[in-house]
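Here's the letter readout for the chains.
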2 protein chains.
Amino acid sequence: MSATPATPPPFLASPEAYAELFDSVDTFLLDCDGVIYHGPVVVPGVKRVLALMRARGKKIIFVTNNATKSRRMYKTTFDKLGIEAHENEIFGSGYASAVYMSRILKFPADKRVYVLGEKGLEEELDSVGIKHCGGTDPEDRVFIPSMDFSYFTPDPTIGAVLCGFDSGINYKKLGKAFSYLRDDPNVHFLLTNQDKVFPTHGTFYPGSGSLSAPLVFALQGKREPTIIGKPNKPMMDAIIAEHQFDPARALMVGDNLLTDIAFGNNSGLRTLLVMGGVTHKDQIYGDKPSDILPTFVVESLGDLAVLDGQPAEATA
Amino acid sequence: MSATPATPPPFLASPEAYAELFDSVDTFLLDCDGVIYHGPVVVPGVKRVLALMRARGKKIIFVTNNATKSRRMYKTTFDKLGIEAHENEIFGSGYASAVYMSRILKFPADKRVYVLGEKGLEEELDSVGIKHCGGTDPEDRVFIPSMDFSYFTPDPTIGAVLCGFDSGINYKKLGKAFSYLRDDPNVHFLLTNQDKVFPTHGTFYPGSGSLSAPLVFALQGKREPTIIGKPNKPMMDAIIAEHQFDPARALMVGDNLLTDIAFGNNSGLRTLLVMGGVTHKDQIYGDKPSDILPTFVVESLGDLAVLDGQPAEATA
């Protein structure tokens, strides 16, 4: 801990403060769960705020570390919640991984990716024309009765191992992925994100970072993974490869200091923390504030709805 | 790296050096794979050395981090290899975990352990009368189609989560184990061992430490596991609880600096490194030696067979 505490960021609470910030931003990068909705419940006011952004010509990019859903699946989720969103505005860590592999790694067309992940991740690889195996293939979602991999013939076309959240994690997959990484230093090692946990049903369970931990641990000292998702740079590199925007007039909005706020800070963007998600106020304004602080804090993104000039009780 | 290199340990290679060491030891703690055998092949000379130890009244303790086999199963393995061994001489990290829970934690009789592990680990818990669930139960060796744990009713009698090597690792088990540890700080968190990899079929695959990494990672900063196996103290505490011996006249023999040699060193025992296992000579005698050094080095434990006075070509 530094002896000199950092100046705590301003807590915006007035229409004037909201307006000043809103007018200074052309591009809003928005975390989804905790900012736009909590599970099945849309955050009050947020629909009005999004409508206002569109009315004022702001660019919206939905940025999420969840790699289990493709943009198509996210669009369906937004539709069900009654939130206007377009596929090309959605940037999950699965799509970011696919874009990163395609545009930045220039992943060869004759190579394949061994996937630990769900259907949504496979869809995004398909969308950029990257061939893959593993993933949801039932043949790899089985238990092996012993540690015997003698049946296993390594596929020489594998050029990368990509790990996301995989509810079908098992020893066969871990062993195969490990053997590709163990045997060939040219096989890329990528994680969609390294979230410890994910929130669901009012609690939380092991997240993508935890499910890739066996490979990271087993290869420690030998291979370092490239981590795509927030707070890491590859996610921003992938977003910028698709959406050109002026960082000086962009704002990253999120509820998580370690992912969202660090992500914006690491890329030189201003950041806005919303409360009511995973961060407690004393992590910002307490005696021992976090090392990672946002530029601004608001109670909720929905509070900016007052800027639309409609009565406060207008339909959310 | 220290500017002053540590004095490299003596490399014993003469019958006189072997005899001096042998005579100074009453209790031999022997790692198994890499010292006694390599998979299905007994190390040449080792049977003669073990016979000599017995003839001279030495105490033998086989110490292995492998928690997938019980002492009973190990006995069968030794029998097949034609090596004399007795169940009470065998100390795997599964049995050590059971002994640690029973004797040191005084695990309550009305509580149960949620197990990530194999049959051998369950057998050892049975042997000390500790109740358990999870493990090889087919109900917990399934894939769950989503991250929905709403069907899951936590068992209030769970008092510990014990993780070993589990070829049936899956998200249901990880989620259940995580929820017990997340919800109750009184639930013990134990790992049989933290080996990154285990050697098999001439290569290696993710080990116990890698398979427990999801829980360790997900709980980082919230819960620290107690790690039983080599090089950690609980394994030695459990061995000493069963086998009283004079540490000054004991010797830990192993092929792995990070587990075997550190284990002996941490407990104030002399240590003997055998080559031909996982350690390379330049880790001891090279320009940048390991921070962990044994007291002595020999090429192979089998080389001590010359001490039995029989012709070198005597049956191994």
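The rules behind the values
- Residues numbered from 1 in each chain as written.
- Chains lettered and ligands numbered in written order.
- Predicted model: local features only at pLDDT ≥ 70, side-chain atom pairs only at ≥ 80, totals over all residues.
- Heavy atoms only, no water.
- Axes fitted to C-alpha atoms, helices over the stretch in contact; angles between N-to-C directions.
- Helix = DSSP H or I, 4+ residues; strand = E, 2+ residues; numbered from the N terminus.
- Parallel < 35°, antiparallel > 145°, perpendicular 65-115°, else oblique.
- Contact = heavy atoms within 4.5 Å.
- Nonpolar A, V, L, I, M, F, W, Y, C, P; charged D, E, K, R; others polar.
- Domains from an automatic or database assignment.
- Buried area = accessible area lost by both parts, 1.4 Å probe.
- Phe/Tyr/Trp six-rings, centres within 6.5 Å; stacked < 30°, edge-to-face > 60°.
- Buried < 20%, exposed > 50% of the residue type's maximum accessible area, 1.4 Å probe, protein only.
- Lys NZ or Arg CZ within 6 Å of the ring centre and 35° of its normal.
- Arc of directions from axis to C-beta.
- Pairing = 2+ DSSP bridges.
- UniProt positions renumbered as here; feature names shortened; annotations may be inferred.
- Polar contact = N/O pair within 3.5 Å; in protein donor to acceptor, adjacent residues only side chain to side chain.

## Section: the packing of helix H3 (residues 71–81) of chain A against helix H5 (residues 119–127) of chain A
All names here are of chain A.
So, step 1. Contact pair H3 / H5: the axes reach a minimum separation of 8 Å and the direction vectors enclose 125°. With respect to H5, the axis of H3 lies oblique. Residue-level inspection shows Arg-71, Arg-72 and Met-73 of H3 in contact with H5, the latter providing Lys-119, Gly-120, Glu-123, Glu-124 and Ser-127.
So, step 2. Residue classes in the contact of H3 with H5 are distributed as one nonpolar, two polar and five charged.

## Notes on the domain arrangement of chain A
Residues and elements named next belong to chain A.
So, step 1. Domain boundaries assigned for chain A yield domain 1 (15–65 + 231–308) and domain 2 (94–227).
So, step 2. If you look at the interface, domain 1 gives nine residues, while domain 2 gives ten residues.
So, step 3. Across the interface of domain 1 and domain 2, roughly 920 Å² is buried in total on both sides, 58% from carbon and sulfur atoms.
So, step 4. Ranking the residues of domain 1 by area buried against domain 2 places Asn-65, Pro-234 and Glu-242 at the top, with a combined share of 46%.

## Some remarks on the packing of aromatic side chains
Pairs of aromatic rings are described using the distance from one ring centre to the other and the angle between the two planes.
So, step 1. With the rule as written, the count across this model stands at 22 aromatic pairs over all chains.
So, step 2. For the pair A:Phe204 and B:Phe178, a centre-to-centre distance of 5.9 Å together with 65° between the ring planes defines the contact as edge-to-face. A residue pair is termed interchain when its members come from two chains, as with A:Phe204 in strand S11 (residues 203–206) and B:Phe178 in helix H6 (residues 171–183).
So, step 3. Among the residues examined, B:Phe178 registers a relative accessible area of 1% and is labelled buried.
So, step 4. Ring geometry for B:Tyr114 and B:Tyr180: centres 5.9 Å apart, planes at 45°, overall tilted. Of the two residues, B:Tyr114 sits in strand S6 (residues 112–116) while B:Tyr180 sits in helix H6, which places them 66 residues apart along the sequence.
So, step 5. By relative accessible area, B:Tyr114 is classed as buried at 1%.
So, step 6. The ring of A:Tyr95 carries A:Arg71 above its face, with NZ or CZ at 3.5 Å from the centroid.

## Considerations on helix H3 (residues 71–81) of chain B
All names here are of chain B.
So, step 1. The complete set of buried residues in H3 reads Arg-71, Met-73, Tyr-74, Phe-78 and Leu-81. For H3, the angular spread of the buried residues around the axis is 160°, confining them to a single face.
So, step 2. One or two steps after H3, the chain reaches Gly-82, where phi turns positive at roughly 75°.

## Here's the deal with the sheet that holds strand S9 (residues 188–191) of chain A
Residue and element names in this part refer to chain A.
So, step 1. Strand order in the open sheet formed by five strands is S7-S6-S8-S9-S12, with parallel pairing between adjacent strands. Of all strands in the sheet, those bounded by a partner on one side alone are strand S7 (131–134) and strand S12 (226–227).
So, step 2. Of the strand pairs in this sheet, strand S6 (residues 112–116) and S7 are connected by four bridges, and their pairing is parallel. Counterpart to Val-113 in the pairing with S7 is His-132.
So, step 3. Contacting S6, S7 and strand S8 (158–163), H5 crosses the sheet at an angle of about 160° to S7.
So, step 4. Seen against the sheet, helix H6 (residues 171–183) touches S6, S8 and S9 and runs at an angle of roughly 140° to S6.

## Remarks on the UniProt feature "binding site: Mg(2+)" (unreviewed entry) in chain A
All names here are of chain A.
So, step 1. Sequence positions flagged by UniProt for "binding site: Mg(2+)" (unreviewed entry) are, in local numbering, Asp-31, Asp-33 and Asp-255. Sequence-wise these annotated residues cover 225 residues; spatially they are packed, their C-alpha atoms never more than 8.5 Å apart.
So, step 2. Here Asp-33 lies in the loop between strand S1 (27–30) and strand S2 (37–38).
So, step 3. Here Asp-33 falls in the partly exposed class, since its relative accessible area comes to 32%.
So, step 4. If near-sequence neighbours (up to four positions away) are discounted, Asp-33 is found in contact with His-38, Gly-39 and Asp-255.
So, step 5. A distance of 3.3 Å separates a polar side-chain atom of Asp-33 from the backbone nitrogen of Gly-39.
So, step 6. Tracing the sequence through the fold places Asp-255 in the loop between strand S13 (250–254) and helix H9 (257–266).
So, step 7. Of the polar contacts made by the side chain of Asp-255, one reaches the backbone nitrogen of Val-278; its length is 3.4 Å.

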